[in-house]
Amino acid sequence: MTIGAAVLLTPGAAGPPDSGVILVIPPPAVTAAGMPLAMTGCVCQVINSLTGVPYPLVVSTGGSAAVRVSGKALLRVGDLITLPGAVLSIIGPPAATFVVDQTP
């Protein structure tokens with residue numbers, strides 16, 4: 001995953017799912033095909049589906065159990081990240097299709 005990858009938060013802040021994108025990937029920067037890879041600690045900008053108001057969401061848990069950089073887990077297409085009262089789905093597209101991690 002990289003900057004601009006789509007995410008979906010279910011349920012959203014007002015009930016129906018909220019959609020958004022990965023907006024900020026803090027250091028350390030690891031790249032694939034020149035794109036920074038998203039890890040825990042990245043910030044998503046999510047749009048409230050009822051009001052249209054954007055809000056930030058920090059991905060603090062989840063991701064790969066095997067691939068870590070400075071203790072931060074790599075985020076992958078299809079990851080379902082459990083947050084208090086919601087689930088964040090990482091939709092995609094991936095930063096590079098040749099980076100494959102199929103661990104839980």
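See the structure above.
Notes on the structure in this doc start here. (Residues numbered from 1 in each chain as written. Predicted model: local features only at pLDDT ≥ 70, side-chain atom pairs only at ≥ 80, totals over all residues. Heavy atoms only, no water.)

1. Notes on the overall build of the protein
When you go through the protein residue by residue, the secondary structure sums to zero helices and 10 strands. The linear arrangement of helices and strands in the protein, starting from the amino end, is β-β-β-β-β-β-β-β-β-β. Taking 13 Å as the expected radius of gyration for a compact globule of 104 residues, we find that the protein reaches 13 Å, a close match to that expectation. Taking the principal axes of the C-alpha coordinates as reference, the protein spans close to 35 × 25 × 20 Å. Across the 104 residues in the protein, those meeting the buried criterion constitute 38%. Considering only contacts in the protein between residues 6 or more positions apart, those separated by 24 or more positions represent 49%. On the protein, roughly 5,300 Å² of surface is accessible, and the fraction owed to carbon and sulfur atoms is 68%. (Helix = DSSP H or I, 4+ residues; strand = E, 2+ residues; numbered from the N terminus. Rg over C-alpha atoms; globule rule 2.2 N^0.38 Å. Buried < 20%, exposed > 50% of the residue type's maximum accessible area, 1.4 Å probe, protein only. Contact = heavy atoms within 4.5 Å. Areas by Shrake-Rupley, 256 points an atom, 1.4 Å probe, with all protein chains shown as cover.)

2. A word on the pairing of strand S9 (residues 80–83)
Burial along S9 is one-sided: Ile81 and Leu83 are buried, while Leu80 and Thr82, pointing the other way, are not. In this structure, S9 lies alongside strand S10 (residues 86–92), joined through four bridges in antiparallel fashion. Note on S10: the bridge partner recorded for isoleucine 81 is leucine 88. A loop of two residues connects S9 with S10, the two strands running antiparallel in sequence, and glycine 85 in this loop sits at a positive phi of about 80°. (Pairing = 2+ DSSP bridges.)

3. What to know about the nonpolar core
Formed by 19 residues in total, the largest nonpolar core has its most connected members in Ile22 and Leu88. The element that contributes the greatest number of residues to this core is S10, accounting for three residues. With near-sequence residues (within four places) excluded, leucine 88 lies in contact with Val7, Leu8, Leu9, Leu57, Val59, Asp79, Leu80, Ile81 and Leu83. (Core = buried A, V, L, I, M, F, W, Y, C linked by side-chain atoms within 4.5 Å.)

4. With respect to the sheet that holds strand S1 (residues 6–10)
If you walk across this open sheet you meet the six strands as S6-S5-S2-S1-S10-S9, and the pairing is antiparallel. Looking along the sheet, the strands with just one partner apiece sit at the ends: strand S6 (54–58) and S9. With strand direction ignored, the average angle separating the axes of adjacent strands in the sheet is 30°. Across five bridges, the pairing between strand S5 (residues 43–47) and S6 is antiparallel. Considered in S6, the bridge of valine 43 is made with valine 58. (Axes fitted to C-alpha atoms, helices over the stretch in contact; angles between N-to-C directions.)

5. Some points on the state of the cysteines
Going through the model one piece at a time under the given rule, you end up with zero disulfides. With no disulfide of its own, cysteine 42 has cysteine 44 as its nearest cysteine by sulfur position, at a separation of 4.8 Å. Taking the relative accessible area as the measure of exposure, cysteine 42 reaches 0% and is therefore buried. Under the relative-accessibility criterion, cysteine 44 is labelled buried at 1%. (Disulfide = S-S within 2.5 Å.)

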